[in-house]
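Topology and contacts: notes
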Amino acid sequence: MILNFTSLRPESMVIEKFQNGKWTAMQYYSSSCFGTFEQVADDYVRAEMPQMAICSSKFTSTSPIQNGKIVFAVLEGRPGAINFKHDAQLQDFSTVQKLRFRFVRPNTFGDEIFRNPKSLRSYYYTVSEVFVMGRCKCNFHASECLPDSSGVDECQCEHNTMGADCQMCKPLFNNKPWARATPEDPAECEKCECNGRADECVYDSELGHGRCLNCQDNTAGPKCAECAKDHFRDAAGNCVPCNCSEDGANSSQC
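None of these values were measured; they are calculated from a predicted model.

Each value, and the rule that gives it
- Residues numbered from 1 in each chain as written.
- Predicted model: local features only at pLDDT ≥ 70, side-chain atom pairs only at ≥ 80, totals over all residues.
- Heavy atoms only, no water.
- Helix = DSSP H or I, 4+ residues; strand = E, 2+ residues; numbered from the N terminus.
- Buried < 20%, exposed > 50% of the residue type's maximum accessible area, 1.4 Å probe, protein only.
- Polar contact = N/O pair within 3.5 Å; in protein donor to acceptor, adjacent residues only side chain to side chain.
- Contact = heavy atoms within 4.5 Å.
- Salt bridge = Lys/Arg side-chain N within 4 Å of Asp/Glu carboxyl O.

1. Quick look at the side chain of Glu16
- Its place among the elements puts Glu16 in strand S2 (residues 10–19).
- Accessibility expressed as a relative area gives 8% for Glu16, which makes it buried.
- Engagement of the side chain of Glu16 in a polar contact is seen with the side chain of Arg100, the distance being 2.8 Å.
- Polar side-chain contacts of Glu16 include one of 3.1 Å to the side chain of Arg102.
- Sequence-distant contacts of Glu16, defined by excluding residues within four places in its chain, comprise Trp23, Thr24, Ala25, Met26, Lys98, Leu99, Arg100 and Arg102.

Structure representation (structure tokens):
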């Protein structure tokens with residue numbers, strides 16, 4: 001992310017992202033990190049907290065007076081960045097639905113000490129350009145994303161996946177749990193064995209494979225391989241109703 005200013009850059013600001021229904025900080029910039037944000041000034045990200053937002057004093061000085069930049073490289077200095085395609089935490093950290101730049105306090109050359117309202121009102125922010133570079137989040141299950149009918153970029157999902165981010169398997173391809181793809185493993189969703197008699201399945205951890213849903217043609221069982229209750233398999237291999245007489249039969253199953 002790059003912000004170009006024609007005014008002074010802010011003395012304190014926050015880069016925030018919206019994801020999963022809430023706003024969270026990605027990066028703080030301030031020459032007074034602890035006093036403003038109760039954050040220790042540190043450009044180091046600890047290995048055990050790869051998603052932590054740090055506070056840096058970079059880009060907060062009064063020089064240059066005009067045409068200064070703020071540059072935020074999301075993965076720079078973060079442990080595991082070189083292994084990004086295998087690091088779920090960093091993938092989540094760099095996933096953004098909406099982005100917000102919040103300017104907290106301007107640089108005032110110390111005029112706030114004199115508390116002259118006229119002087120303080122003379123300061124302002126002017127952003128001439130904002131660049132945000134990224135790509136669609138497709139969990140590495142797509143090689144491209146294209147605009148849909150409303151103009152929103154949509155992943156062209158592969159590996160039998162579906163969803164806005166290719167974040168789930170297609171209805172009949174849940175023979176194993178969904179997983180993100182990696183360069184070594186496409187994590188392709190597997191088709192359930194339903195003997196051609198179901199259109200969807202769910203992964204069943206107790207079975208260790210997919211369990212077919214809504215079996216058709218009077219079949220039942222995890223793989224639609226059995227006849228449903230009160231049905232039997234005829235000479236042609238079809239499951240047909242028993243039609244036992246309620247008056248003469250001890251059981252409706254034949």
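2. Quick word on the side chain of Ser12
- Along the chain, Ser12 falls in strand S2.
- A polar contact of 2.6 Å, which involves the side chain of Ser12, links it to the side chain of Glu11.
- When sequence neighbours within four positions are dropped, the list of residues in contact with Ser12 reads Tyr29, Ser30, Ser32, Thr36, Phe37, Phe103, Val104 and Arg105.

3. Points about the pattern of salt bridges
- Within the structure shown, the criterion is met by 9 salt bridges.
- Salt-bridge contacts for Glu190 lead to Lys176; the nearest nitrogen and oxygen are separated by 4.0 Å. In this pair, Glu190 sits in the loop between strand S11 (168–169) and strand S12 (200–204) while Lys176 sits in the loop between S11 and S12, placing the two residues 14 residues apart along the sequence.
- On the basis of relative accessible area, Glu190 is assigned to the partly exposed category, the value being 37%.
- Given a relative accessible area of 30%, Lys176 falls into the partly exposed group.

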